[in-house]
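# Chain and residue survey
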Amino acid sequence: MALQVYISGNWVDREDAKISVFDHGLLYGDGVFEGMRSYSGKVFQLQEHLDRLWESARAIQLQIPGSKEEMATAVKETLRRNDLADAYVRLVVTRGSGTLGLDPNRCCNPEVIIITDKIALYPQEYYEKGLELITAATIRNHPAALSPRIKSLNYLNNILAKMEGARAGCVEALMLNHKGEVAECTGDNIFIVRRGSLLTPPIDAGILEGITRNVVLELARQQAIPVAEIAFTRHDIFIAQECFLTGSAAEVIPVVKLDDRMIGDGVPGPITLRLIKAFAALVHSTG
Ligand code: PMP
């Protein structure tokens with residue numbers, strides 16, 4: 001059976017999952033999205049993802065049709081129809097189809113899209129040995145231009161940074177903010193361990209407030225690991241003992257090199273491994 005995609009109230013085969021070429025999501029990147037994961041049929045942190053989606057929409061003055069409860073029901077139904085238990089779930093809300101001008105008031109109906117599919121994981125080797133990163137020349141969005149807190153359909157600078165990473169043979173790339181501080185990676189948040197403390201850039205460093213980031217901060221607190229949300233630079237990564245990334249798709253993944261320089265001992269460190277274990281236990285217990 002063909003994969004079923006939800007589009008604004010209906011489920012259609014993937015080949016028929018189409019929206020208008022006049023949709024401002026396509027014409028201008030005018031829309032918002034979420035990426036989530038289900039474990040054993042249950043969407044991890046579903047409420048938090050819905051809250052962030054509604055906040056992103058609010059920030060661009062986009063009214064999402066229906067309630068969060070209805071969206072949650074539609075997500076669960078999409079997973080059920082596709083018989084998927086461990087899956088990736090993409091929610092997209094576009095401004096809807098309008099005229100060729102920018103004016104969002106000329107768009108009538110926002111489109112709500114739910115795509116579920118098998119999760120494309122990083123190779124297991126990266127989880128065991130750690131990733132290598134490069135620092136992209138493309139910086140994260142200036143918060144005064146487009147807040148990185150909005151998970152909008154405009155991901156072009158992250159895409160450009162990802163391409164820089166790929167050219168250097170890296171699957172992820174570090175992005176700095178407009179002040180030259182560490183922000184995050186193209187689709188993941190970043191953490192370092194320094195002298196036993198876990199550090200991650202604060203939201204006002206111009207990052208997406210990652211849901212996995214928040215879960216990992218909470219897990220660290222539960223394990224009595226000192227945590228701080230504090231601005232830092234590449235220098236701090238070079239002198240860190242450990243480094244890892246978090247994201248809904250990647251979960252918790254160690255980083256062992258930045259710009260060809262080894263971080264710590266060049267292997268996933270003890271705090272990283274503890275948090276990977278705690279995260280796995282959490283997703284499987286709530287799943
Ligand atoms: N930063 C960016 C830019 C992202 O796109 C993502 C993934 N959506 C993340 C961080 C990680 O966020 P989350 O843990 O909510 O998936």
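As shown above, the structure is provided for reference.
Just so we're clear, the structure is a prediction, and the values are computed from it rather than from any experiment.

Cut-offs and rules
- Residues numbered from 1 in each chain as written.
- Predicted model: local features only at pLDDT ≥ 70, side-chain atom pairs only at ≥ 80, totals over all residues.
- Heavy atoms only, no water.
- Near = heavy atom within 4 Å.
- Polar contact = N/O pair within 3.5 Å; in protein donor to acceptor, adjacent residues only side chain to side chain.
- Areas by Shrake-Rupley, 256 points an atom, 1.4 Å probe, with all protein chains shown as cover.
- 1 Å grid on protein atoms, 1.4 Å probe; cavity = no way out; pocket = protein on both sides within 12 Å on 5 of 7 lines; lining within 4 Å.
- Sits in = over half its atoms within 2 Å of the grid points.
- Helix = DSSP H or I, 4+ residues; strand = E, 2+ residues; numbered from the N terminus.
- Nonpolar A, V, L, I, M, F, W, Y, C, P; charged D, E, K, R; others polar.
- Expected span 1.5 Å × (residues − 1).
- Buried < 20%, exposed > 50% of the residue type's maximum accessible area, 1.4 Å probe, protein only.
- Arc of directions from axis to C-beta.
- Contact = heavy atoms within 4.5 Å.

## Description of the site of the ligand
Around the ligand, 17 residues are found, and the nearest of them are Lys 151, Tyr 155, Glu 184, Thr 212 and Ser 248. Here Arg 52 contributes a side-chain N or O atom positioned 2.8 Å from an oxygen atom of the ligand. A distance of 2.6 Å separates a nitrogen atom of the ligand from a polar side-chain atom of Glu 184. In the complex, 95% of the free accessible area of the ligand, which totals 390 Å², lies under the protein chains. When each cavity is represented as a set of grid points, the ligand is found to reside in the largest pocket. Of all elements in the fold, only helix H6 (211–222) and strand S13 (242–247) reach the threshold of two or more residues within the shell around the ligand. Among the residues making up the shell around the ligand, the classes are represented as 3 nonpolar, 9 polar and 5 charged.

## Re helix H5 (residues 156–167)
Between the first and last C-alpha of H5 there are 16 Å, a value that for 12 residues agrees with the 16 Å anticipated at 1.5 Å per step. Restricting attention to buried positions, one finds in H5 the residues Asn 157, Asn 158, Ala 161, Glu 164 and Gly 165. With its buried residues spanning 110 degrees around the axis, H5 presents them on a single face. Exposed residues on H5 whose side chains face more than 90 degrees from its buried face are Leu 156, Ala 166 and Arg 167. Close packing links the buried residues of H5 with strand S7 (131–135), strand S8 (172–176) and strand S9 (182–185). Positioned one or two residues after H5, Gly 169 has a phi angle of 80 degrees, which is positive.

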